Amino acid sequence: MCGIVAIASPRTNIVESLLDALTALEYRGYDSAGLALLSPRGLVRHRAVGKVKNLRDTLPALEAAPIGMAHTRWAVMGAATEANAHPQFDGETAVVHNGIIENVGELKSMLPDIIWESQTDTEVVVHLVSSFVRKERDLLAAIKSTVQLLKGTFALVILHKDFPDMLVATKRINPLSVGKSNTGDLFVTSDIAVIPVEQYIDLEDDDVCVMRKRVGEGDFFAEFYTFRHNKLEKIEKTWKDANQTATVTSIGDYKNFTIKEIHEQPNVIQKSINALNRGDYIPIAQEMMNKSAINIIACGSSFYAGLIGKYWLERFGRLLTNVEISSEFNYRYPVITKNSLTLFISQSGETLDTLKAMEVVRAEQGDFAVITNVLQSTMAKAATRHLLDLGAGPELSVVSTKAFTAQLAVLIGVVIQYLKFKDPRAADILQEDFERVPGLLSQVMGQNYHLPLIPNASSILYLGRGICYPIALEGALKLKETTYIHAEGYPGGEMKHGPIALIDARAVSVILAPHNELFNKIVSNAHEVIARGGHVVFFTDAAGNAEFTQRANSTAYVMPSSGPVSEAFVYSLGMQALAYDAAGGLGCDPDRPRNLAKSVTVE
Ligand code: F6R
């Protein structure tokens, strides 16, 4: 949520590199963008509402500097206006900020003479730093005095006009990393995975990175301090090798990241199959053998993946599983039984609601494992028991596709491993079906899926039973995100208890109907819709299509026949493809839907 990048370089001009890096970070928020440069003209700032392209278009051609920072914003405090865009700047200090300063009112009252130009919390940080610099004449000391006053969460990068060869970065809760490339460029960023660096260091809370120009030389060096215990102490940090490849941030021959990532799914799932075969899930499965319940806590698509995990854990593993949305779990005084294991699922590993849920479980002394796509993330570092890698590679489309199916793949991998201890024959049958998934997904991708959009349709119902119910929830979310059309997932059996009132000639219902033990029941729901004049989009397989002969008012999509494991993947991909097609038809940008951002680091 909001992207930060800063560069200090031996080159004379980093503006293009800064804009390129900011474009790679745009998936974290794209309401407005801005940059500040310590240029030969002094500390200068440029901002624009909207995507990074707008900032690029408004930049004067001659702007050049060896050091600067940039920000792409997802509005939290204050609307998406130029005045609220970052960097916030008072003529002396420029600040880019991710997170929320909670005591902004109290801090503003300490600065009674300031005329506030924005509605942001960040502006108060700017003025505090400037006022401390005026008193202390030392940028690092001024930032320390400022940070000591801040309550809330932040990743900050700060430049000051009187310190023309110096950049300072610090953080609390929100992630911030330092990187270096083999060309001598130093980076600070909120999202190291998409910045092309050879080595990196993740900052811990209250760590400070200072980049300065080497005396008599053109290059910059980084040194590290900590503000912990209210001191300013120099510390040593160890650079780690990064495995980034430039291809990660490029669309290649695809039209956008969404379709690229949809197509990556067979390879991503194969990684979890390999992990299962390597025995990577043995430690967690062994621990589950000693537990009487599993709790899964997550948000959004990750929550829906968790619900699918529950269906598998209870059906195949006979292990009691509770699944909960993090933001609800956090404030309802939940009970964590001693003999349970909690799984936190998060693509980004930075979702604040889920991080807060970790605090709740930790306070109850519960054991927890983390399933994430970002091994450097805050959640990954916090895992007290097991850390399971989604291995999906950076997901740059805001709408989750490959990370969602990777979550399913890790969950079923764990369930199969658990069954290998309890019932090896059952495990073998499930594993055989799991191993078919990459091939089946390639078949699903070979077809087109089209959602008939009825003019004035008020809503689209997604109906499924059994495991297809959480897939229906995920399908409806995908449609909402990519097309802004209201959609709702419902258990098929629940339709008659209320939502059937919505069905008329303008209604479209997407029905997930693999030919499994629930087929006849979900077909009844399809008939109920059609009998009331509604239109049905019927996702089934060859056997289901042969039995569902109702052709009036319905469109059928024939998916490959799937088993009890593979059906979840096949129908999830069908839902992604349907939403993607609808977004294309409506001219919506599936990579950057309005109002959304990747990695939701506010509550
Ligand atoms: C939907 C989507 C979101 C995320 C949710 C949780 O396409 O991407 O619903 O699933 O914000 O994010 P993570 O998994 O990063 O915790």
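Residues numbered from 1 in each chain as written. Predicted model: local features only at pLDDT ≥ 70, side-chain atom pairs only at ≥ 80, totals over all residues. Heavy atoms only, no water.

1. Examining the overall build of the chain
Then step 1. A tally of helices and strands in the chain yields 19 helices and 25 strands.
Then step 2. Computed over C-alpha atoms, the radius of gyration of the chain comes to 26 Å, within 12% of the 25 Å expected from 2.2 N^0.38 for 603 residues, which places it in the range of a compact globule.
Then step 3. Considering only C-alpha atoms, the chain reaches an extent of 80 × 55 × 45 Å along its principal axes.
Then step 4. Within the chain, the proportion of its 603 residues that are buried is 60%.
Then step 5. Of the contacts formed within the chain by residues at least 6 apart in sequence, a portion of 70% connects residues at least 24 apart.
Then step 6. Accessible surface, the chain: about 23,000 Å² in total, of which carbon and sulfur atoms supply 51%. (Helix = DSSP H or I, 4+ residues; strand = E, 2+ residues; numbered from the N terminus. Rg over C-alpha atoms; globule rule 2.2 N^0.38 Å. Buried < 20%, exposed > 50% of the residue type's maximum accessible area, 1.4 Å probe, protein only. Contact = heavy atoms within 4.5 Å. Areas by Shrake-Rupley, 256 points an atom, 1.4 Å probe, with all protein chains shown as cover.)

2. Some thoughts on the environment of L111
Then step 1. On the secondary structure map, L111 appears in the loop between α3 (104-109) and α4 (122-136).
Then step 2. Among all residues touching L111, those that are not within four sequence positions of it are W116, V124, H127, L128 and S131.

3. So, the pattern of salt bridges
Then step 1. Under the counting rule described, the total for this entry stands at 36 salt bridges.
Then step 2. Residue D367 is joined to K291 by a salt bridge in which the shortest nitrogen-to-oxygen separation is 3.1 Å. Here K291 lies in the loop between α8 (282-289) and β16 (293-298) and D367 lies in strand β19 (residues 367-372), a separation of 76 residues in the sequence.
Then step 3. Under the relative-accessibility criterion, D367 is labelled partly exposed at 26%.
Then step 4. According to the relative accessible area criterion, K291 is buried, its value standing at 13%.
Then step 5. Each of E287, K291, D367 and R385 takes part in salt bridges that share partners, so that together they form one network. (Salt bridge = Lys/Arg side-chain N within 4 Å of Asp/Glu carboxyl O.)

4. Some details on the sheet that holds strand β8 (residues 166-172)
Then step 1. On the basis of which strands lie adjacent, the open sheet formed by 7 strands has the order β5-β6-β7-β8-β12-β13-β14 and antiparallel pairing. Unpaired on one side and paired on the other, β5 (88-89) and β14 (233-235) mark the two borders of the sheet.
Then step 2. Looking at chain direction, strand β13 (residues 220-226) and β14 are connected through 3 bridges and run antiparallel. Counted as the bridge partner of F224 is I235 from β14.
Then step 3. Relative to strand β6 (residues 93-101), α4 is tilted by about 135 degrees, and along the sheet it contacts β5, β6 and β7 (152-160).
Then step 4. Helix α5 (residues 139-149) contacts β7, β8, β12 (207-213) and β13 of the sheet and is inclined by roughly 20 degrees relative to β8. (Pairing = 2+ DSSP bridges. Axes fitted to C-alpha atoms, helices over the stretch in contact; angles between N-to-C directions.)

5. Comments concerning the packing of helix α9 (residues 300-315) against helix α13 (residues 402-422)
Then step 1. Relative orientation of the contacting elements α9 and α13 amounts to 25 degrees, with a least axis distance of 9 Å. In terms of orientation, α9 lies roughly parallel with respect to α13. As α9 runs across α13, the sense of the crossing is right-handed. Together, S301, S302, Y304, A305, G306, I308, G309, W312 and L313 of α9 and F404, Q407, L408, L411, I412 and V415 of α13 make up the contact between the two elements.
Then step 2. The residue inventory of the contact of α9 with α13, partitioned by class, reads 10 nonpolar, 5 polar and no charged. (Parallel < 35°, antiparallel > 145°, perpendicular 65-115°, else oblique. Left-handed = near helix turned anticlockwise from the far one by under 90°. Nonpolar A, V, L, I, M, F, W, Y, C, P; charged D, E, K, R; others polar.)

6. Quick word on the nonpolar core
Then step 1. One finds W312, F434, Y462, V510, F539 and F569 to be the most contacted residues of the largest nonpolar core, which totals 83 residues.
Then step 2. If one sorts the elements of this core by residue count, α13 sits on top with 12 residues.
Then step 3. Of the domains in this structure, domain 2 (253-435) and domain 3 (441-589) are the two that each give at least three residues to this core.
Then step 4. Apart from the residues lying within four places of it in its own chain, the contact partners of F434 are I269, S272, I273, L276, A409, I412, G413, I416, V565 and F569.
Then step 5. Core analysis: the second largest hydrophobic core is formed by 32 residues, V5, V15, L18 and L55 among them. (Core = buried A, V, L, I, M, F, W, Y, C linked by side-chain atoms within 4.5 Å. Domains from an automatic or database assignment.)

7. Observations regarding the sheet that holds strand β10 (residues 186-189)
Then step 1. Judged by pairing direction, the sheet is antiparallel, and its 8 strands sit side by side in the order β3-β2-β4-β1-β10-β9-β11-β15 without closing on themselves. Looking at the sheet topology across the chains shown, the edges are occupied by β3 (42-49) and β15 (240-241).
Then step 2. Sheet topology note: the strand β2 (residues 32-39)/strand β4 (residues 67-73) ladder contains 6 bridges and is antiparallel. Residue pairing for β4: G34 is matched across the bridge by H71.

8. A closer look at the pairing of β19
Then step 1. Of all the 6 residues making up β19, 5 are buried; the element is thus mostly covered by neighbouring parts of the structure.
Then step 2. In the sheet, strand β18 (residues 340-346) pairs with β19 via 6 bridges, with the strands oriented parallel. Bridging from a neighbouring strand, I345 pairs with I371 of β19.
Then step 3. Note on the crossover from β18 through helix α11 (residues 352-363) to β19: the handedness is right-handed.
Then step 4. Both β19 and strand β20 (residues 387-389) contribute to a ladder of 3 bridges, which runs parallel. Counterpart to I371 in the pairing with β20 is L388. (Right-handed = clockwise from strand over helix to strand, strands pointing away.)

9. Structural notes on the domain arrangement of the chain
Then step 1. By the assigned domains, the chain splits into domain 1 (3-241), domain 2 (253-435) and domain 3 (441-589).
Then step 2. Of note, the centres of domain 1 and domain 3, computed from C-alpha atoms alone, are 46 Å apart.

10. Some words on the side chain of R47
Then step 1. Note on placement: R47 falls in strand β3.
Then step 2. Buried and without a salt bridge, R47 has E82 as its closest oppositely charged side chain, separated by 4.7 Å.
Then step 3. In terms of polar contacts, R47 uses its side chain to reach the backbone carbonyl oxygen of E82, at 2.9 Å.
Then step 4. In this structure the side chain of R47 is engaged in a polar contact, spanning 2.8 Å, whose partner is the backbone oxygen of A85. (Lys, Arg positive; Asp, Glu negative; His and termini not counted. Polar contact = N/O pair within 3.5 Å; in protein donor to acceptor, adjacent residues only side chain to side chain.)

11. A closer look at α9
Then step 1. Here α9 contains 16 residues, and its C-alpha end-to-end distance of 23 Å stays within 8% of the 22 Å for a straight helix at 1.5 Å per residue.
Then step 2. Looking at α9, one finds that the buried residues are S301, S302, F303, Y304, A305, G306, L307, I308, G309, W312 and L313. (Expected span 1.5 Å × (residues − 1).)

12. With respect to the site of the ligand
Then step 1. Around the ligand, 14 residues are found, and the nearest of them are S302, S346, Q347, S348 and T351.
Then step 2. A distance of 2.7 Å separates an oxygen atom of the ligand from a polar atom in the backbone of Q347.
Then step 3. One of the side-chain N or O atoms of T351 is found 2.4 Å from an oxygen atom in the ligand.
Then step 4. Protein chains bury 88% of the 410 Å² of accessible surface belonging to the ligand in isolation.
Then step 5. For the shell around the ligand, a count of residues per class yields 4 nonpolar, 8 polar and 2 charged.
Then step 6. Two domains each donate at least three residues to the shell around the ligand, and these are domain 2 (253-435) and domain 3 (441-589). (Near = heavy atom within 4 Å.)

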